[in-house]
Structures are given as C-alpha cells and as structure tokens.
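Summary of structural features
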Amino acid sequence: MLITSPQNERIKLVRMLQQQGKARRKNQRFVLEGVRLMTDALDSGALPDFALHVDGADVPGTPLFALLDRLRAESVSIFAISPDLMTSLSGTETPQGVLGVFPLPELAVPDNPALIVVADGWRDPGNLGTLIRTCAAAGVDLLLLTRGTVDPTNPKAVRGAMGAHYRIPLRTLEWDAIAQAYPAHRFYLADAAGDTPYTAVDWREPSVIVVGGEAHGFGAAAARIPHTRVRIPMAPGAESLNAAIAAGVLIYAARAHTFA
C-alpha cells in the first residue's frame, strides 16, 4: 500500500514520535531507522507496529528487501511512501529508506547487579547514545539516568546506541531511590580532581560508577552519597575527557577481570 498524504495517521504518529519525548512516553513507542537498527530489534524479539519504506526501494537481493521479507513473515503492516515524505520523517540528513515504530524496550533489572553505571545530568543525546552502546558492549548490568538527563529515546541517542537499547536494562531514578536500592554497593564518582586513580580501585566489588555531564559534572545529590572520587590520569595540559569517553575508560576498567 502506498501512502502519499502527510496527514495520514501513521505519518503523523511517526513525526510526533520523532519530535516529542512526551509522545514517546505516552505511546510507549519510538522510531528505529535503517536496516541495521531494525534488524537488531527484530533479533532481540521486538516487532514494530508498522514499517514505512521508500516506494520502489525494495529491490530483490538487497538488505532492505530481506528486512521487509522478514517483517512480512511476521505479519507486520508495511507501507510504501514517497522519498520526500521519508525525508520529512527521517532524523538523519541522508534517510536510510526504511523505518519502523517499535515498542520501548523494558528489560528486567537484575536482582543483584554487580556493575551499575549512572549518567548524572547528561544533556548531549549523542554522548548518551555512545554510553548506552558502551555499557551493552561491556556487559554492564544496569544503566541508570538521573532526572534532567536527556531522553534516551531521543533520535540522536537511539542512533548513537546502535541497537543497544534492547541489550541493557535502563531506568530513570531519583538519587534517593538509587541510594536506597543499592546500599551495599560502593559508589565511585568520576572527578578529574579525585584523590584515587581508577587503577587503584578493586572493581570486583559491587560498584556504581557515576559520571556527570560535561558542563557541570555530577550534581550535589550524587555528592551527598558516601563515595570515592576517582580520577583518570591525563597528560600535562589536558583539561578533561569527553563524558562518554571517561565513562568508557572506567567501565572497561571495572569489567577487565571478566574479560581476562
């Protein structure tokens, strides 16, 4: 079936989900663009409510055709749209020719997570997407976001995560709730001026790594929890690391014993 009107209800839903975090939360849906992201979601067991593709792009023998064939086998509704309409819906400068409306992932939180990462007040969706992807790759048990952190379903965060939303439990919590939920964990706050180098930490103990946003670092609520401030040594003259890079260094240090 070919959709040509921008006033079509499915088109309006996709546009709203792409533009409004409130709409994503209300509908418990978000948009995945491109063959790779949609295939990753399917491999994780998720199915879209429907999919849209550029009219005429479903050429046999292409990855897009294989994806659409797989969706048809799952009885997913598929609609063709014009290139201009796809461009108006896409969150990228170069539309990838296909998108789907998927349910928001809600992975179960482990009973006894060994390693938890907290993004405290992050504002850059690309950085958050990189963090989600890194946490999934390193086998982090739980990623927590504090209030004020950018929406993890922001299209830029979704693209940056490269399908990792379906591979790691992710929740948004207040600091009081985090402290109450994990009283036996050691909290480590990333701080360029911290007294303890990250290499001196015994990461085999249940740990919570807290990395603040690039503009202001971790907040006062995080600092009120008993903690250790850990630093990443840098060459003379270096001011700081990108938040996602700093988090990656600490995460892989904490997980090193599991990869040995």
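In what follows, the structure referred to is the one given above.
Residue positions are given per chain, counting from 1 as you read along its sequence in written order. Whole-chain, interface and lining totals are the exception, using all residues; otherwise, since this is a predicted model, local features are given only for residues with pLDDT of at least 70 and side-chain atom pairs are given and counted only at 80 or more. The basis for every side-chain value is the complete set of non-hydrogen atoms in the structure, without hydrogens or water.

Throughout this description, the term salt bridge denotes a Lys or Arg side-chain nitrogen within 4 Å of a carboxyl oxygen of Asp or Glu. As enumerated under the stated definition, the model contains 12 salt bridges in all. A salt bridge links Arg147 to Glu174, with the shortest nitrogen-to-oxygen separation between them at 3.2 Å. With Arg147 in the loop between β7 (142–145) and α7 (155–161) and Glu174 in the loop between β8 (170–172) and α8 (175–181), this residue pair connects regions lying 27 residues apart in the sequence. On the basis of relative accessible area, Glu174 is assigned to the partly exposed category, the value being 45%. Ionic contacts of the salt-bridge type, sharing partners, join the residues Arg24, Arg25 and Asp151 into one network. Helix and strand labels come from DSSP, where a helix needs a run of H or I of at least four residues and a strand needs a run of E of at least two; each type is numbered from the N terminus. Classification of residues uses two cut-offs on accessible area relative to the type maximum, computed with a 1.4 Å probe and protein chains only: under 20% is buried, over 50% is exposed, and between them is partly exposed.

Positive phi, close to 55°, is recorded for Gln28, a residue that is not glycine. Looking at where Gln28 falls in the secondary structure, it is placed in the loop between α2 (21–27) and β2 (29–33). The backbone phi angle of Ser75 is positive, close to 60°, even though this residue is not glycine. Here Ser75 shows up in the loop between α4 (63–73) and β4 (77–81). For Ser75, a relative accessible area of 66% puts it in the exposed group.

Angles shown run from 0 to 180 degrees and are taken between the N-to-C directions of axes, each axis being a line fitted to C-alpha atoms and, for helices, limited to the stretch in contact. Where helix α3 (residues 35–43) contacts α4, the two axes come as close as 10 Å, and the packing angle between them is 30°. Note that α3 runs across α4; the crossing there is left-handed. The segment α3 lies against α4, with Val35, Met38, Thr39, Leu42 and Asp43 engaging Pro63, Leu64, Leu67, Arg70 and Leu71. Of the residues that constitute the contact of α3 with α4, the class distribution is 7 nonpolar, 1 polar and 2 charged. Crossings are sorted by hand: turned counterclockwise from the far helix by less than a right angle, the near helix makes the crossing left-handed, and turned clockwise it makes it right-handed. Residues are treated as being in contact if the distance between any of their heavy atoms lies within 4.5 Å. For this classification, the nonpolar set comprises Ala, Val, Leu, Ile, Met, Phe, Trp, Tyr, Cys and Pro, the charged set comprises Asp, Glu, Lys and Arg, and every other residue, Gly included, is treated as polar.

A pair of strands is treated as paired once DSSP finds two or more bridges between them. One open sheet accounts for 7 strands, arranged β8-β7-β6-β11-β9-β12-β10; its pairing is parallel. Each of the sheet's edge strands pairs with one partner strand only, and the pair in question is β8 and β10 (196–197). One ladder, built from 3 bridges, connects strand β9 (residues 186–190) with strand β12 (residues 228–231); its direction is parallel. Bridge pairing links Tyr188 to Thr228 in β12. Contacts between helix α10 (residues 243–259) and the sheet are confined to β6 (115–120), β9, β11 (207–212) and β12, with β11 contributing the most and set at about 170° to the helix.

The next subject is helix α1 (residues 9–19). When we look at burial in α1, the residues that qualify are Ile11, Val14, Leu17 and Gln18. Viewed along the axis of α1, the buried residues span an arc of 130°, placing them on a single side of the element. Exposed residues on α1 whose side chains face more than 90 degrees from its buried face are Glu9 and Gln19. Taken from the helix axis, the directions to the C-beta atoms give the arc we talk about.

Throughout, nonpolar core names a set of buried Ala, Val, Leu, Ile, Met, Phe, Trp, Tyr and Cys residues whose side chains join them through atoms within 4.5 Å. Among the nonpolar cores identified, the biggest contains 33 residues, and Trp122, Leu131, Leu143, Ile209 and Ile251 are the most heavily contacted of them. Taken together, the elements giving at least two residues each to this core come down to β6, α6 (125–138), β7, β11 and α10. One finds Leu32, Leu42, Ile78 and Phe102 within the second-largest nonpolar core, a separate group that totals 20 residues.

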